[in-house]
Amino acid sequence: MSEFLRVENVSKKYGDYTALNNVSISVPSGSIFGLLGPNGAGKTTLIRIINQITMPDSGRVFFDGQPLRLDHVNVIGYLPEERGLYKSMKVGEQALYLAQLKGLSKQQAKEQLKYWFDRMEISHWWNKKIEELSKGMAQKVQFIVTVLHRPKLLIFDEPFSGFDPVNANLIKNEILKLKEDGATVIFSTHRMESVEELCDNIALINHANKVLDGKITDIKRQYKSNTFEVGLLSDNPEDLKKELKEKFAIEKTDFKSLEDELKLNIQLPGNVSPNDLLSFLITKAQVNHFVEVIPSINEIFIQTVSASKK
Amino acid sequence: MKNLKLIIAREYNSRVRNKSFLIMTVLSPFIFAGLIVLVGYLSTLNRSGVRNIAVLDHSGLFENSFENTSKLEFTFLEALTLEEAKTIGQSGSYYGLLHIPEPTENFNFSNQPIEFFSDETPNVEIIQFLEKNLSNELTNRRLVINGVDLEKIKESKISVDIRLEDFKGEHTSKMSAWIKVIFGGVAGYLLMMFIIIYGNMVMRSVIEEKTNRIIEIIISSVKPYQLMMGKIIGNTLAGITQFAIWVILGGILMAVASSVFGMQLQPDVSANQEAAAMAESQMQTLIYEIMRLPLKTLIVSFFVYFIGGYFLYSSLYAAIGAAVDNEADTQQFMFPIIVPLMLGMYVGFFSLIDNPHGTVSVIFSHIPFTSPIVMLMRIPFGVAWWEILISMLILFLTFAGTVWVAAKIYRVGILMYGKKPTYKEFIKWIKY
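Residues numbered from 1 in each chain as written. Chains lettered and ligands numbered in written order. Predicted model: local features only at pLDDT ≥ 70, side-chain atom pairs only at ≥ 80, totals over all residues.

Turning to the overall build of chain B, a few remarks are in order. Counting secondary structure elements, chain B contains 15 helices and six strands. Out of the 432 residues in chain B, the part that is buried amounts to 28%. Put simply, 72% of the contacts in chain B that link residues at least 6 apart link residues at least 24 apart. (Helix = DSSP H or I, 4+ residues; strand = E, 2+ residues; numbered from the N terminus. Buried ≥ 20, exposed ≤ 12 C-beta atoms within 10 Å, placed from the backbone. Contact = placed C-beta atoms within 7 Å.)

Next up, the structure:
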């Protein structure tokens, strides 16, 4: 997959405070890229650099193969974490204004607006002021002004914070559709469940440094510990547990099941395959449950962040 | 450039379409005119009423020296002692009591002075009037004693009216200085008001974008510098629109007023030819004097100084707006803005009346933070073109500097939330 955005050794300092330290990321085109990190890690600074709101002290950014230029902002759609609209301006007028600032002609902007307003079923709001709309309604308008100039790169900073569940779901589906249509999406968040669901690639930033990046599947493969979660039905669970303890590293665990089984996490040494384990277990007990433990992004996140603290 | 135009248009429209702008623009000339009429009416109310003064003349010299005027009436109290007269004077029907004791020889009152009794502190004009009359009478009497023929003196009196003319040979009148002060003062004052009102609008508009949290969306499309300039220019245009409407409305109002008062003047013309002729010639001098003012220079300079001064100050207003989260926090930064404006205003007024081309006013008309006001006030008195040019040049150079500094503060400030900034931080931001 070709590369759409590349950030190369970018650093940014505010006085004595280092916001970004030599960070590089690569965003494949047509993918959804998750930019993760705790609050204050430097995510927003990186996003602002891509949006040319702030300039990096050093390092370069390549957009679609070219060094970042001023007119690139016209093909970026940005939904900042701190967002809002002019309260006393009419919905249609405001959307037209923002679209024109993104380089659309008035005519183009009107056409696009009509498409999106019909699609979101909000055409009758055109002459309403934002302050007359409910929060959820304003969120729809907010989303439309982010995407209506058909940007090639979409950047969402905490997109689901502040959105109610219905709108969050609506927007999630719209983002997936935009991706299908060829847009590249960058997601900045610390809500991991949405990352698992949507992102193809991630980068984890902590204390101004990139600590981890790559494809989600690769990262998970890298972080899995060859551990299996098993549920064993046996007449004598205590003896079985002792026997297993001699052979493997085990740990008590819990999951939902119908029977009162012996529930364990078993970590395999490198020379033992899952099949070996399974065939061994079959001789000892009835195997009701056998699953490889794959760390969630959340676990990896917490693990990496706390590791980098030390 | 296209974005700048869009921003200017949005700012302009959101100002001009605002209801309070319409009301302010249309109503304030009427309110202003109404206030003038009201103040004029009230001060005539205050003046009306004849004041009655009791005179107790023990010298018997002044029987004929106090004639009733439109404002003062004199009642001579006969054959009373001072104590009795005081009781009458206190009874309330008199404004005051003038007591003239028996003089020593040669009309000398140094032993027993002439006195005036009243409840309230007497009006200075009245006292001066009394003193003048008394002094005239006594002087005349002394002249007679010294053998001077009063008739001869009257005959010899000649009044002189100096005609004012400048070295270019054009006539001026005594009114001219006042007209210049008024024209200059009004222009300077208007400029100051516009700077404060429209500077505040720029500031509020910046704060609005910050509190609405739309700012980051906008500056992901345009440069903060463009946004700031767009705001400043948009508001300038709104200000010029308002000013233009006021000029037009004021013109109409003036025309209406003069035609109304003109009709009232009509009967007077037949009744009192002389007074009417006087009024007419005064009116003519007034118009003549106004026409003689460097009106073109004044109008052109007004616009140039308006733009320069306004840009200078509103860039500061924009920087302040960007630095704070809400309007209440702006107070601490308002002081350094208001002080030079007020200083310009006061220096302007006082030095104008005293000496419009004195050192103080010349210096202040070149300091960019006061020059728009002070120079505008000086222009009616005639200022050399190169002096105006230098002052404008300094103003525009400074303005370029403040815009640069303000843009830096603005750029950082608009993305800062939840922190009350200090001057120290401003300097840090400029260095970023």
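There is more to say after this.
Okay, the domain arrangement of chain B next. How large an interface is tends to be reported as the accessible area lost when its parts come together. Once the domains are mapped, chain B shows domain 1 (49-152) and domain 2 (167-253 + 271-431). Between the C-alpha centres of domain 1 of chain B and domain 2 of chain B the distance comes to 55 Å. (Domains from an automatic or database assignment.)

All right, on to the interface of chain B and chain A then. Contacts between the two partners involve 16 residues from chain B, matched on the other side by 18 residues from chain A. Secondary-structure elements contributing two or more residues to the side of chain B that touches chain A are α1 (2-16) and α7 (215-219) of chain B. Counting residues per element, the side of chain B that touches chain A draws most heavily on α7 of chain B, at four residues. By residue class, the composition of the side of chain B that touches chain A is eight nonpolar, four polar and four charged. (Nonpolar A, V, L, I, M, F, W, Y, C, P; charged D, E, K, R; others polar.)

Residue and element names in this part refer to chain A. Direction vectors running N to C along helix α2 (residues 91-101) and helix α4 (residues 135-147) enclose 25°, while the axes themselves pass 9 Å from each other. Between α2 and α4, the angle is such that the two are roughly parallel. Crossing handedness for the pair α2 and α4: right-handed. Contacts from Val91, Ala95, Leu98 and Ala99 of α2 reach α4 at Val141, Ile144 and Val145. Residues that form the contact of α2 with α4 fall into these classes: seven nonpolar, no polar and no charged. (Axes fitted to C-alpha atoms, helices over the stretch in contact; angles between N-to-C directions. Parallel < 35°, antiparallel > 145°, perpendicular 65-115°, else oblique. Left-handed = near helix turned anticlockwise from the far one by under 90°.)

Here we come to the sheet that holds strand β13 (residues 262-267) of chain A. Residue and element names in this part refer to chain A. The strand order across the open sheet built from four strands is β12-β13-β11-β14, with neighbouring strands paired in antiparallel fashion. Edge positions in the open sheet fall to β12 (249-252) and β14 (286-292), since each of these has one partner strand only. In this sheet, adjacent strand axes meet at a mean angle of 25° when their direction is disregarded. (Pairing = 2+ DSSP bridges.)

Residues and elements named next belong to chain A. Taking 1.5 Å per residue as the helical rise, helix α3 (residues 106-119) with its 14 residues ought to reach 20 Å, and the 20 Å between its terminal C-alpha atoms agrees with that figure. Those residues of α3 that sit buried are Ala109, Leu113, Trp116 and Phe117. Axial view of α3: buried residues confined to an arc of 95°, hence all on one face. Counted as exposed and oriented over 90 degrees from the buried face of α3: Gln107, Tyr115, Asp118 and Arg119. Glutamate 121 sits one or two residues past α3 and shows a positive phi near 55°. (Expected span 1.5 Å × (residues − 1). Arc of directions from axis to C-beta.)

Another aspect to go through is the sheet that holds strand β10 (residues 209-215) of chain A. Residue and element names in this part refer to chain A. Overall, mixed pairing links the six strands, which are arranged β6-β7-β8-β3-β9-β10 in an open sheet. Bordering the open sheet on either side are β6 (76-79) and β10, each of which pairs with just one other strand. Ignoring strand direction, the axes of neighbouring strands in this sheet form an average angle of 15°. In this structure, β6 lies alongside strand β7 (residues 153-157), joined through four bridges in parallel fashion. In the strand pairing of β7, isoleucine 76 is matched with leucine 153. Where helix α10 (residues 297-309) meets the sheet, its contacts fall on β3 (32-36), β9 (201-206) and β10, and the angle it forms with β9 comes to roughly 30°.

Residue and element names in this part refer to chain B. Checked against the element boundaries, valine 186 lands in helix α6 (residues 175-211). According to the C-beta neighbour criterion, valine 186 is exposed, with 12 such atoms within 10 Å. Linking valine 186 and isoleucine 373, residues 187 residues apart in sequence, is a C-alpha distance of 9.9 Å.

This part covers the environment of asparagine 68 of chain B. With respect to the secondary-structure elements, asparagine 68 of chain B resides in the loop between β1 (51-57) and β2 (72-76). Setting aside residues no more than four positions away along its own chain, asparagine 68 of chain B makes contact with Glu73 and Phe74 of chain B.

As a further point, take the nonpolar core. One finds Ala95, Ala99 and Ile155 of chain A together with Leu191, Ala318, Ala319 and Tyr410 of chain B to be the most contacted residues of the largest nonpolar core, which totals 127 residues. In terms of residues, this core owes the most to one element, helix α10 (residues 295-323) of chain B, which gives 13 residues. Apart from residues no more than four positions distant in its own chain, alanine 95 of chain A is found in contact with Leu113, Val141, Ile144 and Val145 of chain A. By size, the runner-up hydrophobic cluster in this structure holds eleven residues, among which are Val55, Ala85, Tyr94 and Leu97 of chain B. (Core = buried A, V, L, I, M, F, W, Y, C linked by C-beta atoms within 7 Å.)

So, about α10 of chain A. Residues and elements named next belong to chain A. Taking 1.5 Å of rise per residue, the 13 residues of α10 would be expected to cover 18 Å, and the 18 Å separating its terminal C-alpha atoms lies within 8% of that figure. Every buried residue belonging to α10 is among Ile297, Ile300 and Phe301, and all of these are buried. Relative to the axis of α10, the buried residues are bounded by an arc of 100° and lie together on one face. Structural note: α10 exposes Ser306, Ala307 and Lys309 on the side pointing more than 90 degrees away from its buried face. Check the buried side of α10 and you find it contacts β3, α6 (192-198), β9 and α7 (216-223).

What follows is about the packing of α6 of chain B against α10 of chain B. All names here are of chain B. Two elements in contact, α6 and α10, have axes separated by 8 Å at closest approach and are oriented at 30°. Classified by the angle between their axes, α6 and α10 sit roughly parallel to one another. The crossing of α6 and α10 is right-handed. Considering only residue class, the contact of α6 with α10 consists of 20 nonpolar, five polar and no charged.

As a further point, take the confidence of the model for chain B. All names here are of chain B. Overall, the predicted model of chain B reaches an average pLDDT of 81, with 89% of residues at or above 70. Here residues 263-271 scores under 50 on pLDDT; set against residues more than four positions off or in separate chains, the count is three contacts. The ipTM, which scores confidence in the relative placement of chains, is 0.81 for this predicted complex, and the corresponding pTM is 0.75. (pLDDT = per-residue confidence, 0-100.)

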